[in-house]
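Notes for the structure review
Residues per chain, in single letters:
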Amino acid sequence: MIKVEAITLCEIRMPLVHFFETSFGRTYHRRILLVCLHCQGTEAWGECVAGEGPHYCEESIDTAWYVTREYLAPAVLGKTVDRGRDCAPLFAGIRGHRMAKAAVENALWHAESLQKGVALWRLLGGTRNQVACGVSIGIQDSVEQLLEKIATELKAGYQRIKVKIKPGWDVDVLERIRALWPGILLSCDANSAYTLDDVDHLLKLDAFNLLMVEQPLWNDDIYFHARLQKRIKTAICLDESIHNARDAQMAAELGACRIMNIKVGRVGGFSEAIAVHDVCKAAGIPVWCGGMLESGIGRAHNLALSSLENFTLPGDVSASKRYWKEDIIEPEVLVSPQGTVQLSDAPGTGRVIRKDLIQKLTVREETLSASSRKA
Ligand code: OSB
Ligand code: MG
């Protein structure tokens, strides 16, 4: 039994070690909403992966703060639940805001794993304690800089390189990469930067033996990706357009992709992420875990999810030090020279939350309790 007595919302500001650029813009620092549930002596944490603005999806850290404070926290405060899985039904009357919901739900799963004294990855139904890691490399100021970054990550042992593309930074860039590394596992991510007018151009990607091209078309589209997948040989991977298990089923039935990326924030929490995983497994579609430039809390949750059976491709789950000078968990996420992360059997995520450091990074904080809401 988990009783949620109080919830602390905490916004931290963390500068990135290196800027991260996608087809929708460049990020130099992250504003991250952390959610801490206070449950009879247990403190459980979740991370909201929404960005600073509504660019990857409709949510932002400020919409997430608002909806958590006004709707999600009141839905769980003072409630007693048995399991993290029981969280989603409490939010049934609240539409959308999946990243905000995921932070609360995932914290409840964390609470459950701590209370039961089991590893979170086992609670989620994971079957492997070693996770394969790839990296996502943003658009750089020059191709030379990108090639240098790829060389560094390959030397570190990462098993798959993904590069961000957009019109004007695509075919020529991939040509330069393949000239140096003809055999590496390579993919690209357009973050919805193209339209059907670009199909002939997108077909040129078939020359590069890519593992996949991620979300080439509109963020809210499945149907036209199916039309494109009929023409392009490279496997399409959907990211932005998959919000739940029904979307995954539709994409599978339409043939809109041959690979899927699962981000627990994008689908609203661990229970829906597991449901998407199961749909893909039944449809024969391999999945991998996406990343959203998470701090250690979200990073550890992504690793736990990646232990499920059908996560057979390397995920965007990489070391803390690629993003942060100092991460807010201890030990931070370390990647082996073989490009893997070892999952621990300790309760929860096997990491200590560095509350001292969180305190230093905090720019706003508010604690809500069942009694304060009634006032
Ligand atoms: O599409 O995967 C994406 C970051 C922000 C928004 C969208 C995406 C990304 C990444 C980051 O690729 C991957 C990571 O966290 O390492
Ligand atoms: Mg993506």
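The paragraphs below set out a description of the structure included in this document. (Residues numbered from 1 in each chain as written. Chains lettered and ligands numbered in written order. Predicted model: local features only at pLDDT ≥ 70, side-chain atom pairs only at ≥ 80, totals over all residues. Heavy atoms only, no water.)

1. Section: the sheet that holds strand β11 (residues 236-238)
Rules: A pair of strands is labelled paired if DSSP reports no fewer than 2 bridges between them. Helix and strand labels come from DSSP, where a helix needs a run of H or I of at least four residues and a strand needs a run of E of at least two; each type is numbered from the N terminus. Helix axes use the C-alpha atoms of the stretch in contact, all axes being lines fitted to C-alpha atoms, and the angles between their N-to-C directions lie in the range 0 to 180 degrees. Here, residues are in contact when the closest pair of their heavy atoms is within 4.5 Å.
Strand order in the open sheet formed by seven strands is β7-β8-β9-β10-β11-β12-β13, with parallel pairing between adjacent strands. Looking at the sheet topology across the chains shown, the edges are occupied by β7 (135-137) and β13 (287-289). Sheet twist, expressed as the average angle between the axes of neighbouring strands with direction ignored, equals 25°. Note that β11 and strand β12 (residues 259-262) share two bridges and pair parallel. Residue pairing across strands places Leu238 opposite Met260, the latter belonging to β12. On the sheet, helix α11 (residues 270-283) packs against β12 and β13 and is oriented at approximately 170° with respect to β12.

2. Some points on unusual backbone geometry
Cis geometry marks the peptide bond from Glu330 to Pro331; its omega dihedral reads -5°. By secondary structure assignment, the location of Pro331 is in the loop between β14 (329-330) and β15 (340-342). Although it is not a glycine, Gln215 adopts a positive phi angle of roughly 40°. In this structure, Gln215 sits in the loop between β10 (212-214) and α8 (223-231).

3. Topic: the coordination of the magnesium ion (ligand 2)
Each donor-metal-donor angle in an ideal tetrahedron of four donors is 109.5 degrees, and each such angle in an ideal octahedron of six donors is either 90 or 180 degrees. To keep it simple, the criterion reads: For Na, K and Ca the donor cutoff is 3.2 Å, while for all other metals N, O and S atoms count as donors only within 2.8 Å; water does not appear among the atoms, so some sites may look incomplete. Whether a residue is buried, partly exposed or exposed follows from its accessible area with a 1.4 Å probe, protein chains only, as a fraction of its type maximum: under 20%, in between, or over 50%, in that order.
Distances from the magnesium ion (ligand 2) to its protein donors, namely Asp189 (OD), Glu214 (OE) and Asp239 (OD), fall within the range 2.1 to 2.3 Å. For the magnesium ion (ligand 2), the single-chain donor residues occur in sequence as D-x24-E-x24-D. Linking Glu214 in strand β10 with Asp239 in the loop between β11 and α9 (245-254), this pair joins segments that are 25 residues apart in sequence. For Glu214, a relative accessible area of 0% corresponds to the buried category.

4. Regarding the nonpolar core
Which entries qualify depends on this criterion: What we call a nonpolar core is a set of buried Ala, Val, Leu, Ile, Met, Phe, Trp, Tyr and Cys residues that are connected through their side-chain atoms within 4.5 Å.
Grouped together as the largest cluster of nonpolar side chains are 90 residues, with contacts concentrated most on Ile12, Leu34, Val163, Ile177, Met260, Ile328 and Ile358. Here the element with the most residues in this core is α11; it accounts for six residues. If sequence neighbours within four positions are ignored, Ile358 has contacts with Cys10, Ile12, Leu34, Trp45, Ile297, Ile328 and Ile353. Counting residues in each nonpolar core, the second largest holds 36 residues, with Cys57, Trp65, Leu108 and Ala111 among its members.

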